[in-house]
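# Fold and contact review
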Amino acid sequence: MALGDAVLLDLKADGAATITLNQPDRRNALSEEISTGISEALDEIEGSDARVVVLQGSGGSFSAGGDIERMTEAIEDDVPADDRVRRLERSTNELIGRLVEFPIPTVALIDGAAVGAGANLAIACDIQLASEDAAFGFVFRQVGLSVDAGTSYLLPRIVGENVAKELVLTGDIFGPERAADLGLVNHVYDADEFDDRADEFIAKIVSGPPIALRHANRLVGEGLNKSLEQALTDEAVAQGIVFETEDHAEGVSAFLEDREPEFDGQ
């Protein structure tokens, strides 16, 4: 399914929904067309039976971040700063917030550059899988800008405040091994094995109990912003919901029968 051609959506019967950024000539920069396309894809997925969302780029790049063409036009046309801020809030900021809070688990496949807002697009997902050809950088300073797209929220929660400041103050571009060391990606795979290894990983999520995993994913994501007492209460509430599912009964039966469970999402 094409969403304005800038974004492609593949809703597979196996439970994986793949969103592909499809402006390789612009290195999949977060143009208004791509931001809108991703949001429309998420609308389609939210009403589907998908168990996992996969986000990837085409043409050897994940996303080059901010739309330099739009920045150039704004400077040349002397677009007021307030208008540019509203545009940022309407497109990129809404998209990052939507991804962070999306109810279905999300996996970013990073094969090529993920820089600036493109790096934030990746770390806004729940899981990050990188090929050895991936590159990362929070390079806002290179174009004379502060940070946006959730950098100040997402990055220090993953790497710590001091490392986050280093990454944004230097704007260094770094490879997947350092990204893994910092906790920005979960796994790094050889380029020639990337697709197969990523598919294997995604299949593990797809095979799980979707209702339970959605609750678990949400609870872990919210945990840093709660007290222990609140976290325990919210976990108990979620378990109360999941106890009533057929998948829970199937999981217990499969354990007792020493077989692999078959979860149907009920």
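Residues numbered from 1 in each chain as written. Predicted model: local features only at pLDDT ≥ 70, side-chain atom pairs only at ≥ 80, totals over all residues. Heavy atoms only, no water.

- Going by an unreviewed UniProt entry, the protein chain carries the name Enoyl-CoA hydratase/carnithine racemase and comes from Natrinema pellirubrum.
- UniProt lists a comment for the protein chain under the heading Sequence similarities (unreviewed entry), and it reads "Belongs to the enoyl-CoA hydratase/isomerase family." (UniProt positions renumbered as here; feature names shortened; annotations may be inferred.)

### What about the overall build of the protein chain?
- From N to C terminus, the protein chain includes eleven helices and eleven strands.
- Within the protein chain, the proportion of its 266 residues that are buried is 42%.
- Summed over its atoms, the accessible surface of the protein chain is roughly 13900 Å², and 49% of this surface lies on carbon and sulfur atoms. (Helix = DSSP H or I, 4+ residues; strand = E, 2+ residues; numbered from the N terminus. Buried < 20%, exposed > 50% of the residue type's maximum accessible area, 1.4 Å probe, protein only. Areas by Shrake-Rupley, 256 points an atom, 1.4 Å probe, with all protein chains shown as cover.)

### Observations concerning unusual backbone geometry
- The residue Arg-27 is not glycine, and still its phi comes out positive at about 55°.
- By the element assignment, Arg-27 lies in the loop between strand 3 (16-21) and helix 1 (32-46).

### Description of the side chain of Ser-63
- Along the chain, Ser-63 turns up in strand 5 (residues 61-63).
- With near-sequence residues (within four places) excluded, Ser-63 lies in contact with Leu-21, Arg-27, Asn-28, Ala-29, Leu-30, Ala-113, Ala-114, Val-115, Gly-118 and Leu-121. (Contact = heavy atoms within 4.5 Å.)

### Things to note about empty space enclosed by the protein
- Tallied over the entire structure, the rule returns one cavity of 30 Å³ or more.
- Around the largest cavity sit Ile-19, Leu-42, Val-53, Val-54, Leu-55, Leu-99, Thr-106, Val-107 and Cys-125, which together line it.
- For the lining of the largest cavity, the secondary-structure elements that each account for two or more residues are strand 4 (52-57) and strand 6 (106-110).
- For the lining of the largest cavity, the class distribution of residues is eight nonpolar, one polar and no charged. (1 Å grid on protein atoms, 1.4 Å probe; cavity = no way out; pocket = protein on both sides within 12 Å on 5 of 7 lines; lining within 4 Å. Points joined across faces, edges and corners; volume = space filled by probe spheres on them. Nonpolar A, V, L, I, M, F, W, Y, C, P; charged D, E, K, R; others polar.)

### A look at the packing of aromatic side chains
- According to the stated counting rule, one finds two aromatic pairs in the structure shown.
- Taken together, a centroid distance of 6.1 Å and an interplanar angle of 20° make the contact between Phe-136 and Phe-174 stacked. Here Phe-174 lies in strand 10 (residues 173-174) and Phe-136 lies in strand 9 (residues 135-137), a separation of 38 residues in the sequence.
- The buried category is assigned to Phe-136, whose relative accessible area is 4%.
- Taken together, a centroid distance of 6.4 Å and an interplanar angle of 45° make the contact between Tyr-189 and Phe-194 tilted. Neither residue differs from the other here; Tyr-189 and Phe-194 are each classed as buried.
- Here the basic side chain of Arg-157 rests over the ring of Tyr-153, its NZ or CZ set 3.6 Å away from the ring centre.
- The residue whose ring lies beneath Arg-178 is Phe-174, and the NZ or CZ to ring-centre distance is 5.5 Å. (Phe/Tyr/Trp six-rings, centres within 6.5 Å; stacked < 30°, edge-to-face > 60°. Lys NZ or Arg CZ within 6 Å of the ring centre and 35° of its normal.)

### So, the sheet that holds strand 7 (residues 113-115)
- Ordered in space as 5-7-9-10, the four strands form an open sheet in which the pairing is mixed. Looking at the sheet topology across the chains shown, the edges are occupied by strand 5 and strand 10.
- As paired strands, strand 9 and strand 10 are joined by two bridges and run antiparallel to one another. Counted as the bridge partner of Gly-137 is Ile-173 from strand 10. (Pairing = 2+ DSSP bridges.)

### Topic: the environment of Ala-113
- Mapping Ala-113 onto the fold places it in strand 7.
- Between the alpha carbons of Ala-113 and Phe-62 there is a distance of 5.5 Å; along the sequence they are 51 residues apart.
- Ala-113 has contacts with Arg-27, Gly-60, Ser-61, Phe-62, Ser-63 and Ala-135, leaving out every residue within four places of it along the chain.

### Quick notes on the packing of helix 5 (residues 151-159) against helix 6 (residues 161-170)
- The interhelical angle for the contact between helix 5 and helix 6, taken along N-to-C directions, is 125°, at an axis separation of 7 Å. By the criterion of interaxial angle, the relationship of helix 5 to helix 6 is oblique. The interaxial crossing formed by helix 5 with helix 6 has right-handed handedness. In contact with Thr-151, Leu-155, Pro-156 and Val-159 of helix 5, helix 6 contributes Glu-161, Val-163, Ala-164, Leu-167 and Val-168.
- Across the contact of helix 5 with helix 6, the residue classes break down as seven nonpolar, one polar and one charged. (Axes fitted to C-alpha atoms, helices over the stretch in contact; angles between N-to-C directions. Parallel < 35°, antiparallel > 145°, perpendicular 65-115°, else oblique. Left-handed = near helix turned anticlockwise from the far one by under 90°.)

### Details of the side chain of Thr-151
- Tracing the backbone through its elements, the reader meets Thr-151 in helix 5.
- Look past the residues within four positions of Thr-151 in its chain and what remains in contact with it is Asn-120, Phe-138, Phe-140, Pro-156 and Val-168.

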